[in-house]
Amino acid sequence: ANQNDRADGANLWIEGFYGPVVQERTYQENRLAGDVCHIRVTPLSTSGTHAVKRRSNNVRDRLLITQNHSRNREIAAIARQRVEAGRQVLILVKTTEHALQIRYWLPEAIAVFKTATPDRWEQLTRLNITRPGEQPGYNDKQLQEVQEKFRSRHYMVVIANSVWFKGKDFPSLDVVVRGDAISTAVANTQLSGRLSRTYEGKPYGELID
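Residues numbered from 1 in each chain as written. Predicted model: local features only at pLDDT ≥ 70, side-chain atom pairs only at ≥ 80, totals over all residues. Heavy atoms only, no water.

Peer 1: Would you mind showing me how to read the packing of helix α4 (residues 69–84) against helix α5 (residues 96–105) here?
Peer 2: Each pair of packed helices can be summarised by the angle the axes make with each other and by the distance between the axes. Running from N to C, α4 and α5 point in directions that differ by 65°, and their axes come no closer than 8 Å. Considering how the two elements wind past one another, α4 and α5 form a crossing that is right-handed. Along its contact with α4, which presents H69, R71, N72, R73, I75, A76 and R80, the element α5 presents H98, Q101, I102 and W105. A breakdown of the residues in the contact of α4 with α5 according to their chemical character gives four nonpolar, four polar and three charged. (Axes fitted to C-alpha atoms, helices over the stretch in contact; angles between N-to-C directions. Helix = DSSP H or I, 4+ residues; strand = E, 2+ residues; numbered from the N terminus. Left-handed = near helix turned anticlockwise from the far one by under 90°. Contact = heavy atoms within 4.5 Å. Nonpolar A, V, L, I, M, F, W, Y, C, P; charged D, E, K, R; others polar.)

Now the structure itself:
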């Protein structure tokens, strides 16, 4: 997919391995052919009270995104609204902390992330966003189990960090919420593409950005 638009510069490698492109179709053409699902975009304007003067991107991300409680509450509220309407929701974030910060406002959600180090887990615990006795993440086998439960709609709302950014296929997924605040060609196609799978009874996928 998107062979001529690859942000990783692998166009020649792909063509050398698989051969030349034999057909090109737009997303709209694929949708009319029934190969992909229609995607509706809902822009979500979020708020916050921070005035950040620091130039460090890490500091700005932490204050304006990860620990922006107003923004996290609004993401949680719109996700809950969609779940109550019977729609399956995936909230995508960059970091483990952000997944746990949003789960604080959306406790019914499953937070998916790889096992954290003891030191990192202690830091997250001090922020009061972990739960007593909670395991510090998932190993590969557990991640696969959670993924299968989400595919089968046993879980209706999941918050996942970058561990679910690539290579995941959830045909019945109804809603993706972009909490990650990443703006790159790869992110804007790969993450939104979670909604493109067709599924019986699924009229469209909704991207909340």
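Peer 1: Help me understand the side chain of N68 in this model?
Peer 2: Looking at where N68 falls in the secondary structure, it is placed in the loop between α3 (57–66) and α4. Separated by 3.1 Å, the side chain of N68 and the backbone nitrogen of R71 make a polar contact. (Polar contact = N/O pair within 3.5 Å; in protein donor to acceptor, adjacent residues only side chain to side chain.)

Peer 1: Looking at this structure, I do not really get the pairing of strand β6 (residues 205–208). What am I missing?
Peer 2: The side chains of a regular strand alternate, first on one face of the sheet and then on the other. Of the two faces of β6, the one carrying G205 and L207 and the one carrying E206 and I208 are both buried. In terms of strand pairing, strand β1 (residues 39–42) meets β6 through four bridges, oriented parallel. Considered in β6, the bridge of R40 is made with E206. Note that the unit made of strand β5 (residues 175–178), helix α8 (residues 185–190) and β6 has a crossover that is right-handed. (Buried < 20%, exposed > 50% of the residue type's maximum accessible area, 1.4 Å probe, protein only. Pairing = 2+ DSSP bridges. Right-handed = clockwise from strand over helix to strand, strands pointing away.)

Peer 1: Which parts of the structure should I look at to understand the pattern of salt bridges?
Peer 2: Pairing is possible between side chains of opposite charge, provided their charged atoms come close. As enumerated under the stated definition, the model contains 14 salt bridges in all. E206 serves as the salt-bridge partner of R87, at 3.6 Å between the closest nitrogen and oxygen. Linking R87 in the loop between α4 and β2 (89–92) with E206 in strand β6, this pair joins segments that are 119 residues apart in sequence. According to the relative accessible area criterion, R87 is buried, its value standing at 12%. In this structure E206 comes out as buried when scored by relative accessible area, which is 6%. Across the pair R151 and D169 runs a salt bridge, and its minimum N-O distance is 3.6 Å. Of the two residues, R151 sits in helix α7 (residues 140–151) while D169 sits in the loop between β4 (157–160) and β5, which places them 18 residues apart along the sequence. Here the salt bridges share partners, and the residues they tie into one network are R82, R87, R153, D174 and E206. (Salt bridge = Lys/Arg side-chain N within 4 Å of Asp/Glu carboxyl O.)

Purely spatial values, then, with no claim about function.
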